[in-house]
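# Descriptive structure summary
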Amino acid sequence: MLPKTIKTFIFLSLLAQSCVAQKATEPNGKLKGVIGVYEGNCMPGPGRKPCEPKPIAAEILITSVSKSYDESLLVKMVKSNEDGIYETNLPSGTYSLFLRDDDQVVCTLIQCPTTCICLPFKISNDSTTVIDANLDHATW
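My aim in this report is to walk through the structure given alongside it, one point at a time. Keep in mind it's a predicted model, so treat the numbers as computed, not measured. Each chain carries its own residue numbering, running from 1 in the written order of its sequence. Local features in this predicted model are restricted to residues whose pLDDT is 70 or higher, and side-chain atom pairs enter the listing and the counts only when it is 80 or higher, whereas totals over whole chains, interfaces and linings include all residues. Each side-chain value is derived from all of the structure's non-hydrogen atoms; neither hydrogens nor water enter the calculation.

## Remarks on the overall build of the protein chain
Our working rule: Strands are runs of DSSP state E lasting at least 2 residues, helices are runs of H or I lasting at least 4, and numbering of each runs from the N terminus. Buried, partly exposed and exposed residues are distinguished by accessible area as a fraction of the type maximum, computed with a 1.4 Å probe on protein chains only: under 20%, between the cut-offs, and over 50%, respectively. Throughout, a contact is declared for two residues whenever any of their heavy atoms are within 4.5 Å. Accessible areas in this description were obtained via Shrake-Rupley with a 1.4 Å probe; residue shielding takes into account the shown protein chains only.
Scanning the protein chain for helices and strands turns up one helix and 12 strands. Burial status across the protein chain gives 26% buried among its 140 residues. Residue pairs at least 24 apart in sequence account for 65% of intrachain contacts in the protein chain once pairs closer than 6 positions are excluded. Of the roughly 9500 Å² of accessible surface on the protein chain, a fraction of 56% belongs to carbon and sulfur atoms.

## Structural notes on the state of the cysteines
In plain terms, the rule: Note on terminology: pairs of cysteine sulfur atoms within 2.5 Å are recorded as disulfides.
One pass over the full model with this rule turns up three disulfides. Here Cys107 pairs with Cys118 through a disulfide, and the sulfurs are 2.0 Å apart. The disulfide joining Cys107 to Cys118 has a torsion of about -45 degrees about its S-S bond and is therefore left-handed. Residue Cys107 is found in the loop between strand 7 (104-106) and strand 8 (109-110), and its partner Cys118 is found in strand 9 (residues 117-118); the two are separated by 11 residues along the sequence. When its relative accessible area of 29% is taken as the criterion, Cys107 is described as partly exposed. Linked covalently through their sulfurs, Cys112 and Cys116 form a disulfide whose S-S length is 1.9 Å. Because the torsion about its S-S bond is 135 degrees, the bridge between Cys112 and Cys116 counts as right-handed. Judged by relative accessible area, which is 39%, Cys112 ranks as partly exposed. The connectivity of the disulfide bonds within the protein chain can be written as 1-2, 3-6, 4-5, using the sequence rank of each bonded cysteine.

## Considering the pattern of salt bridges
Which entries qualify depends on this criterion: Salt bridge criterion: a side-chain nitrogen from Lys or Arg within 4 Å of a carboxyl oxygen from Asp or Glu.
Inspection of the entire model under this criterion finds two salt bridges. Where Glu59 meets Arg100, a salt bridge forms, and the shortest distance between an N and an O atom there is 2.4 Å. Note that Glu59 is positioned in strand 3 (residues 59-64) and Arg100 in strand 6 (residues 93-101), a separation of 41 residues in sequence. Look at Glu59 and you get buried, because its relative accessible area is 18%.

## Points about the environment of Ile110
One can find Ile110 in strand 8. Given a relative accessible area of 30%, Ile110 falls into the partly exposed group. Taking the C-alpha atoms as reference, Ile110 lies 9.4 Å from Lys67; in sequence the two are 43 residues apart. Those residues within four positions of Ile110 in sequence are excluded, and the remaining contacts are Cys116, Ile117 and Pro120.

## Section: the packing of aromatic side chains
Here is the rule we go by: Ring pairs are drawn from Phe, Tyr and Trp, using the six-membered ring of Trp, whenever the two centres fall within 6.5 Å, and their geometry is named by plane angle: stacked under 30 degrees, edge-to-face over 60, tilted for the rest.
Taken as a whole, this structure holds three aromatic pairs when the rule is applied. Here the aromatic rings of Tyr38 and Trp140 are separated by 5.7 Å at their centres, their planes lie at 65 degrees, and the arrangement is edge-to-face. In this pair, Tyr38 sits in strand 1 (residues 28-41) while Trp140 sits in the segment after strand 12 (133-139), placing the two residues 102 residues apart along the sequence.

Now the structure itself:
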């Protein structure tokens with residue numbers, strides 16, 4: 001027969017194992033893409049190939065849907081690798097995507113001039129959203 005203190009210890013150990021706090025998981029989707037940069041003379045002309053963005057390591061800032069970058073709306077920050085590739089999971093919802101360009105934060109505005117929203121995108125549960133974005137350092 002086990003002493004009472006050992007029985008109590010075993011009981012509490014089993015109880016603790018069965019009551020491990022489990023965080024409720026939110027529905028998640030995936031965001032991925034490639035970040036590039038336009039550089040040099042990209043002015044179109046006869047016999048000149050169109051400029052193609054070069055992959056770049058960059059900081060990607062994801063916020064709630066917004067007309068401009070507001071740090072208080074920041075949901076997540078991710079970085080692309082040297083090949084420009086990034087991937088992250090996000091809860092289902094609608095967001096805006098921004099890129100850090102040296103000391104500035106830039107975005108692609110759409111729905112202007114009526115609304116002007118920085119590159120909105122939607123994340124759905126168990127699906128992948130692809131957003132490719134580019135910085136523009138070119139001469140046009």
